[in-house]
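# Coordinate analysis (summary)
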Amino acid sequence: MAQIELLLKYQTEDSKLLQIERDAAGSEEWKNYSQAKSFLTKAPEKLDAMDAKAQDIYARLDSLNKKYDEIAETLKDFENLDELVDGGADISFYKKNATQIIDQLKAIKGEINALVKSVKEADEEYQSLKKKTISVQKQYAEYSAKYQEYRKGKLAEMDAIKNELKVLAKDINPEVLRRYEMKRSERIFPIICTVKNNRCSKCGMELSIVGKEKISGGEVTECENCHRFLYKE
């Protein structure tokens, strides 16, 4: 039997396997299982990142509070302002300094209030994610069991097809089969298609002179554009 005929038989069986794989990938069992698994895989990293963010906010808040206290301390210099004025000191100088200090304190207070709000929001987000993680952990066990049960029901069917593919593969040129499997892994399907009017029936690319000679001689030929195997009916 010619190689292209063997490949066509191989593809026919392989298409059955591919359909089962596609059905499984589109099943609710797989979707629920994979989504839960993906969430739980990423959750620890997200929780760590949120914790690090909270620590950074707390550090900035602590720094601002210290700065606020330090500046507020300078206001004590104005406690004896009456005595200074009575001694002939320039009231405008002290008034200007006091105004600047108060403005600084207001600005820092605003930053502190914004950070306090950020701390609250970060904590709420952290608690929400933690709660959801616990919930998904419970769901994951259920989804995993359902998916494994679904998969178990398909395995016998898949194994039968794989055994048939092994039988067919024995008579196919190993290099041709390797190229076939490579194309399959790249999601090229169908991998083998007909030539019509010296053109690939899948993408419409015309065969080169060499390609026409190969296909006329019964050799396994590839489309130079979509790289599928070609044959003449």
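The coordinates are above.
Definitions and cut-offs
- Residues numbered from 1 in each chain as written.
- Predicted model: local features only at pLDDT ≥ 70, side-chain atom pairs only at ≥ 80, totals over all residues.
- Heavy atoms only, no water.
- Helix = DSSP H or I, 4+ residues; strand = E, 2+ residues; numbered from the N terminus.
- Polar contact = N/O pair within 3.5 Å; in protein donor to acceptor, adjacent residues only side chain to side chain.
- Contact = heavy atoms within 4.5 Å.
- Buried < 20%, exposed > 50% of the residue type's maximum accessible area, 1.4 Å probe, protein only.
- Pairing = 2+ DSSP bridges.
- Core = buried A, V, L, I, M, F, W, Y, C linked by side-chain atoms within 4.5 Å.
- Axes fitted to C-alpha atoms, helices over the stretch in contact; angles between N-to-C directions.
- Phe/Tyr/Trp six-rings, centres within 6.5 Å; stacked < 30°, edge-to-face > 60°.
- 1 Å grid on protein atoms, 1.4 Å probe; cavity = no way out; pocket = protein on both sides within 12 Å on 5 of 7 lines; lining within 4 Å.
- Points joined across faces, edges and corners; volume = space filled by probe spheres on them.
- Nonpolar A, V, L, I, M, F, W, Y, C, P; charged D, E, K, R; others polar.

### Some remarks on the side chain of Asp14
Considering the arrangement of structural elements, one finds Asp14 in helix 1 (residues 3-25). Here Tyr180 takes part through its side chain, which lies 2.8 Å from a polar atom of the side chain of Asp14. Beyond its immediate chain neighbours, meaning those up to four positions away, Asp14 contacts Leu165, Tyr180, Arg184 and Phe189.

### Some remarks on the pairing of strand 1 (residues 192-196)
Counting buried residues along strand 1, 4 of its 5 residues qualify, which places the element largely inside the surrounding structure. With 3 bridges connecting them, strand 1 and strand 4 (residues 229-231) associate as parallel partners. Bridge assignment links Cys193 to a residue of strand 4, and that residue is Leu230. Where strand 1 and strand 2 (residues 199-200) come together, 2 bridges link them in antiparallel fashion. Each residue of the ladder has a partner; that of Val195, found in strand 2, is Cys200. Connecting the antiparallel pair strand 1 and strand 2 is a turn made up of 2 residues, with Asn197 showing a positive phi of about 55°.

### Describing the nonpolar core
Judged by nonpolar contacts, the single largest core of 22 residues is most densely connected at Leu7, Tyr10, Ile172, Tyr180, Ile192 and Phe229. Considering each element in turn, this core owes the most residues, 7 residues, to helix 1. Ignoring anything within four residues of it in the chain, the contact list for Phe229 reads Leu7, Val176, Arg179, Tyr180, Lys183, Ile191, Ile192, Cys193, Val220, Thr221 and Glu222. Judged by nonpolar contacts, the second largest core, of 10 residues, contains Ile71, Ile101, Ile112 and Val119.

### Brief notes about the sheet that holds strand 1
The 4 strands are arranged 2-1-4-3 in an open sheet whose pairing can be described as mixed. Strands at the two margins of the open sheet, each flanked by one partner only, are strand 2 and strand 3 (221-222). When strand 3 meets strand 4, the two strands line up antiparallel, connected through 2 bridges. Bridged to Glu222 within strand 4 is Phe229. Running over the sheet, helix 5 (residues 174-185) touches strand 1, strand 3 and strand 4 and is turned about 115° from strand 4.

### Describing the packing of aromatic side chains
Pairs of aromatic rings are described using the distance from one ring centre to the other and the angle between the two planes. Enumeration according to the criterion identifies 5 aromatic pairs in this entry. Here Tyr33 and Tyr140 contribute two aromatic rings whose centre-to-centre distance is 5.7 Å and whose plane-to-plane angle is 20°, an arrangement assigned as stacked. Of this pair, Tyr33 sits in helix 2 (residues 28-74) while Tyr140 sits in helix 4 (residues 91-169), and the two are 107 residues apart along the sequence. For Tyr33, a relative accessible area of 10% corresponds to the buried category. Here Tyr33 and Tyr147 contribute two aromatic rings whose centre-to-centre distance is 4.9 Å and whose plane-to-plane angle is 10°, an arrangement assigned as stacked. A residue pair is termed long-range when its members are at least 10 positions apart, and Tyr33 in helix 2 and Tyr147 in helix 4 qualify at 114 residues. Assigned by exposure class, Tyr33 and Tyr147 land together as buried.

### Focus on the layout of surface pockets
Estimates place the volume of the largest pocket at around 190 Å³. For the lining of the largest pocket, the secondary structure elements donating two or more residues are helix 1 and helix 4. At 6 residues, helix 4 tops the list of elements feeding residues into the lining of the largest pocket. Taken together, the residues of the lining of the largest pocket sort by class into 8 nonpolar, no polar and 3 charged.

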